[in-house]
There are 2 protein chains.
Amino acid sequence: MGVSKTEIFTAQQNTIALFAKVIGHPARVAILQQLFKLNSCVCGDLVLEIGLAQPTISQHLKELKNLGLIKGNVEGTSVCYCIDQENWSKMKELMSEFLNQDIQSNGSCC
Amino acid sequence: MGVSKTEIFTAQQNTIALFAKVIGHPARVAILQQLFKLNSCVCGDLVLEIGLAQPTISQHLKELKNLGLIKGNVEGTSVCYCIDQENWSKMKELMSEFLNQDIQSNGSCC
DNA sequence: AATATTAATCGTAATATTGCAATATATAAA
DNA sequence: TTTATATATTGCAATATTACGATTAATATT
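Residues numbered from 1 in each chain as written. Chains lettered and ligands numbered in written order. Predicted model: local features only at pLDDT ≥ 70, side-chain atom pairs only at ≥ 80, totals over all residues. Heavy atoms only, no water.

A. Main features of the overall build of chain A. Assigned secondary structure in chain A consists of five helices and three strands. Reading the secondary structure of chain A in the N-to-C direction produces α-α-β-α-α-β-β-α. For 110 residues, the compact-globule estimate of 2.2 N^0.38 gives 13 Å, and chain A exceeds it by more than 25% at 17 Å. Of the roughly 5800 Å² of accessible surface on chain A, 48% is carried by carbon and sulfur atoms. Taking the 9 positively charged and 10 negatively charged side chains of chain A as two groups, their mean positions are separated by 5 Å. (Helix = DSSP H or I, 4+ residues; strand = E, 2+ residues; numbered from the N terminus. Rg over C-alpha atoms; globule rule 2.2 N^0.38 Å. Areas by Shrake-Rupley, 256 points an atom, 1.4 Å probe, with all protein chains shown as cover. Lys, Arg positive; Asp, Glu negative; His and termini not counted. Charge placed at Lys NZ, Arg CZ, Asp CG, Glu CD.)

Here it is in structure tokens:
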């Protein structure tokens, strides 16, 4: 069907999946890395840096913004984007907790 | 197009995206959590636990296996799955490095 | 006001993902 | 050897994602 059955999972599972999904595209990884590198960055610079068309970058920025990982400020005709550090930290917390899980049983593995 | 332009990104960016993508579905998050909880788990138990059809679970397991995050051993008619701890650690390392990035510039944010 | 600049949105084509019924495969048990 | 059990594979329908050209919107500049 192409649509996930989110209702059968916990809120935490769905949230982890949503954050992972938005990082699950190399263009968005590249955008985030660039924003960490430059602190703030105008949309047009990302288009040049990354090499995808302007509407495509704009779409990826929108997804990152929807999840709160970045924020954008209008500056004249350009829009300046940067990491939303507070939300990034929250996401990092959630993902780290998931990644750092330990095997909870001592039964031998297969 | 539906197809990512992976060739314009670095290997690291593509790898991060691939790992994030496979975690980007709540069913796979749930499977991984269950495997951490029980150490090893038979496919059929995951079907019961998670509540998706057997072919669907089987497909998700395949994706996790393709990326090396889990491994499966045949035990009679069942297949026992567990976390591949070595590869999980490598993935964790890569993702943590990405998540723990710090702003590298002191220019003010927008 | 007219024009240039920048980014967002719309529309669309190509492809990927999700989920499951039906079927195939492989081993165990009778 | 037949039958039961467990998992994988196939095929398909519904939906989502990716990418971009064309256009729109919004502000700056002349």
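Now that the structure has been shown, the text picks up again.
B. Main features of helix H4 (residues 54–66) of chain B. Residue and element names in this part refer to chain B. With 13 residues, H4 should cover 18 Å at 1.5 Å per step; its first-to-last C-alpha distance of 18 Å lies within 8% of that length. Elements in contact with the buried residues of H4: helix H1 (11–23), helix H2 (26–38), helix H3 (43–50), strand S2 (70–75) and strand S3 (78–83). Taken from the residues just after H4, glycine 68 is the one with a positive phi, measuring 85°. (Expected span 1.5 Å × (residues − 1). Contact = heavy atoms within 4.5 Å.)

C. Quick peek at the packing of aromatic side chains. Counted under the stated rule, the structure contains four aromatic pairs over all chains. Seen in terms of ring centroids, phenylalanine 36 of chain A and tryptophan 88 of chain A are 4.9 Å apart; in terms of plane orientation they differ by 70°. Their pairing is edge-to-face. With phenylalanine 36 of chain A in helix H2 (residues 26–38) and tryptophan 88 of chain A in helix H5 (residues 85–99), the pair connects residues that are 52 residues apart, well separated along the chain. Here the two residues phenylalanine 36 of chain A and tryptophan 88 of chain A agree in accessibility, since each one is buried. Ring centres of tryptophan 88 of chain A and phenylalanine 98 of chain B lie 5.9 Å apart, and the angle between their planes is 70°; on these two criteria the pair is classed as edge-to-face. (Phe/Tyr/Trp six-rings, centres within 6.5 Å; stacked < 30°, edge-to-face > 60°. Buried < 20%, exposed > 50% of the residue type's maximum accessible area, 1.4 Å probe, protein only.)

D. How the structure looks around the interface of chain A and chain B. Across the contact, 53 residues belong to chain A and 54 residues belong to chain B. Between chain A and chain B, a total of about 4400 Å² is buried, with carbon and sulfur atoms accounting for 67% of that surface. Our enumeration of links across chain A and chain B arrives at zero salt bridges. Across the chain A-chain B interface, the total number found is 10 residue pairs in polar contact (both at pLDDT 80 or more). Top contributing element to the side of chain A that touches chain B by residue count: H2 of chain A, with 10 residues. Of the residues assigned to the side of chain A that touches chain B, the class counts are 28 nonpolar, 18 polar and seven charged. (Buried area = accessible area lost by both parts, 1.4 Å probe. Salt bridge = Lys/Arg side-chain N within 4 Å of Asp/Glu carboxyl O. Polar contact = N/O pair within 3.5 Å; in protein donor to acceptor, adjacent residues only side chain to side chain. Nonpolar A, V, L, I, M, F, W, Y, C, P; charged D, E, K, R; others polar.)

E. Representation of the environment of phenylalanine 98 of chain A within the structure. With respect to the helices and strands, the residue phenylalanine 98 of chain A is situated in helix H5. The exposure class assigned to phenylalanine 98 of chain A is buried, which follows from its relative accessible area of 2%. The spacing of phenylalanine 98 of chain A and glutamine 13 of chain A is 85 residues in sequence and 9.5 Å in space, taken between C-alpha atoms. What phenylalanine 98 of chain A contacts, discounting residues up to four positions off in sequence, is Ile16 of chain A together with Ile23, Val29, Leu32, Gln33 and Trp88 of chain B.

F. Spotlight on the side chain of asparagine 14 of chain A. With respect to the element layout, asparagine 14 of chain A can be found in helix H1 (residues 11–23). Non-local contacts of asparagine 14 of chain A, meaning those with residues more than four positions away in its chain, are made with Thr6 and Phe9 of chain A together with Pro26 of chain B.

G. View of the pairing of strand S2 (residues 70–75) of chain A. All names here are of chain A. Bridging between S2 and strand S3 (residues 78–83) involves six bridges; their strand directions are antiparallel. Directly across from valine 74, in S3, lies its bridge partner valine 79. Once S2 ends, the chain turns through two residues before running back antiparallel as S3, passing glycine 76 with a positive phi of about 70°. (Pairing = 2+ DSSP bridges.)

H. Molecular detail of the relation of the copies chain A and chain B. Superposing chain A onto chain B takes a rotation of 180° combined with a translation of 0.0 Å along the rotation axis, leaving an RMSD of 0.0 Å. Put plainly, the chains are arranged around a two-fold axis. Both copies share a contact surface, since 100% of the interface residues of chain A are interface residues in chain B too. (Least-squares fit on C-alpha atoms with pLDDT ≥ 70 in both.)

I. Spatial organisation of the environment of isoleucine 57 of chain A. Residues and elements named next belong to chain A. By the secondary structure assignment, isoleucine 57 is in helix H4 (residues 54–66). Among the residues examined, isoleucine 57 registers a relative accessible area of 0% and is labelled buried. For the pair isoleucine 57 and glycine 68, spaced 11 residues apart in the sequence, the C-alpha separation amounts to 16 Å. Isoleucine 57 has contacts with Ile31, Leu46, Val47, Ile50 and Leu52, leaving out every residue within four places of it along the chain.

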